[in-house]
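Given next are the chains, with one letter for each unit.
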Amino acid sequence: MHWGAWLELSMLVTDKDLLARLSLPDHWMKKFFLAHTCLELQLNEESLKLYTELQLQGFGKSSYIKAQIAICLQNLQEVDQAVEAFMQLQKTDPYQLDNMDTYSNLLYVKDMRVELSHLAHRACNIDKYRVETCCVIGNYYSLRSQHEKAVLWFQRALKLNPNYLSAWTLIGHEYMEMKNTQAAIQAYRHAIEVNRRDYRAWYGLGQTYEILKMPFYCLYYYREAQKLRPNDSRMLVALGESYEKLEKPRLQEAKKCYWKAYSVGDVEGLALIKLARYNMGYLYNIL
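Presented here is an overview of the structure given in this document. (Residues numbered from 1 in each chain as written. Predicted model: local features only at pLDDT ≥ 70, side-chain atom pairs only at ≥ 80, totals over all residues. Heavy atoms only, no water.)

A short note on the overall build of the protein
Condition: Secondary structure follows DSSP: runs of H or I at least 4 residues long count as helices, runs of E at least 2 residues long count as strands, and numbering of each begins at the N terminus. Each radius of gyration is computed over the set of C-alpha atoms, and the globule rule expresses the reference value as 2.2 Å times the number of residues to the power 0.38. Whether two residues touch is decided by their heavy atoms; if any such pair falls within 4.5 Å, the residues are in contact. Computed with the Shrake-Rupley method and a 1.4 Å probe, the accessible areas treat only the protein chains shown as cover for residues. In this tally Asp and Glu are treated as negative and Lys and Arg as positive; neither His nor the chain ends contributes. Working definition for charges: the position is that of NZ of Lys, CZ of Arg, CG of Asp or CD of Glu.
Scanning the protein from terminus to terminus reveals 17 helices and 0 strands. Relative to the compact-globule value of 19 Å for 287 residues, the protein shows a C-alpha radius of gyration of 20 Å, a close match. A fraction of 50% describes how many contacts in the protein between residues 6 or more apart in sequence connect residues 24 or more apart. Total accessible area on the protein is roughly 15800 Å²; 55% of this is exposed by carbon and sulfur atoms. Treating the 35 positive side-chain charges of the protein as one cloud and the 32 negative ones as another, the clouds have centres 2 Å apart.

This is the structure in structure tokens:
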């Protein structure tokens, strides 16, 4: 069966229950579809398991599967492992540009300037008219705090493909850095129109409305982001802070968010501090 048909079907699957109810043909492409859809639904552990099984079943040299595994690791916040996986992919397939935009995001997060510079030059030499190339160069300029140039490269990517999700999200981030909140909101909303499963766009809108001091709005957008990433402590901490900033603070809900953020592994180390602050306040009131 044509892979494009599987991709169209994947876009219609909205949750894990619907995926389990699908009656699919007994075809070797079925496992590729399940792995891809699990990744889209942020079921990263299930997706990683399926891609690993596919590697053991004869697709060990597939560049596509190696890239998808790296994306799974990124989503599981195993950033170092994801970077290593992309580095190995580059060695085995040095002319591949697919998913190099995701690799550039990781290099940006890790502040690996030299590696990102090399990736930008290599991508430009391979094909400067690919959206991935524009995205990599945009990230390179963003890391150098040249946000206007970064925006220009992300806009070039959107001229090549107006539905290129990464560019809409990243251009929203750049407008945030430039303090242009209205343009950031428009960019994030475009990203959601392209793919409502993009938690980064929902989270970005929450941050934008937080800057604008509109807590009810940011509470809504952080909730949507948290639904897509239920075990991401960053979403939970942001949600808890939004509950605190309401006109009538909902402190119990905030405390539940911080506790869950600590339970799932507090990436930024903020949840435990905020819980301690609550307990200190409680003890102060008693004394």
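Examining the nonpolar core
Going by this rule: Put simply, a nonpolar core is a bunch of buried Ala, Val, Leu, Ile, Met, Phe, Trp, Tyr and Cys residues held in one set by side-chain atoms that sit within 4.5 Å of each other. Accessibility here uses a 1.4 Å probe with only protein chains present; expressed as a share of the type maximum, an area under 20% marks a residue as buried, one over 50% as exposed, and anything in between as partly exposed.
Counting 90 residues, the largest nonpolar core has Phe86 and Ile171 as its most contacted members. It is helix H9 (residues 131-143) that provides the largest number of residues to this core, a total of 8 residues. Once residues within four sequence positions are removed from consideration, phenylalanine 86 is found in contact with Ala67, Ala70, Ile71, Asn99, Met100, Thr102, Tyr103 and Leu106.

Some points on helix H7 (residues 100-109)
The α-helix winds at 3.6 residues per turn, so residues separated by three or four positions along the chain end up facing the same way. Across the 10 residues of H7, 8 count as buried, placing the element largely inside the fold. Of all the residues in H7, the buried ones are Met100, Asp101, Thr102, Tyr103, Ser104, Asn105, Leu106 and Leu107. For H7, the elements touching its buried residues are helix H5 (63-75), helix H6 (79-92), helix H8 (113-126), H9, helix H11 (165-177) and helix H13 (199-211). Among the residues trailing H7, aspartate 111 stands out with phi positive, at a value near 55 degrees.

Regarding unusual backbone geometry
The phi dihedral of aspartate 111 falls on the positive side, at around 55 degrees, and the residue is not glycine. Position of aspartate 111 among the secondary structure elements: in the loop between H7 and H8. Taking the relative accessible area as the measure of exposure, aspartate 111 reaches 44% and is therefore partly exposed.

Notes on the state of the cysteines
Keep this limit in mind: Here, a disulfide means two cysteine sulfur atoms that sit within 2.5 Å of each other.
Enumeration according to the criterion identifies 0 disulfides in this entry. Cysteine 72 takes part in no disulfide bond, and the closest cysteine sulfur, belonging to cysteine 38, lies 9.1 Å away. Its relative accessible area of 0% is what places cysteine 72 among the buried residues.

Observations concerning the pattern of salt bridges
What counts is decided by this rule: Any Lys or Arg side-chain nitrogen located within 4 Å of an Asp or Glu carboxyl oxygen qualifies as a salt bridge.
Summed over the entire model, instances satisfying the criterion amount to 13 salt bridges. The shortest N-O distance in the salt bridge between glutamate 40 and arginine 197 comes to 3.6 Å. Separated by 157 residues along the polypeptide, glutamate 40 in helix H3 (residues 29-40) and arginine 197 in the loop between helix H12 (181-194) and H13 bring together distant segments of the chain. Connected through salt bridges with shared partners, the residues Asp98, Arg130 and Glu132 form a single ionic network.

Keep in mind these numbers describe shape, not what the thing actually does.
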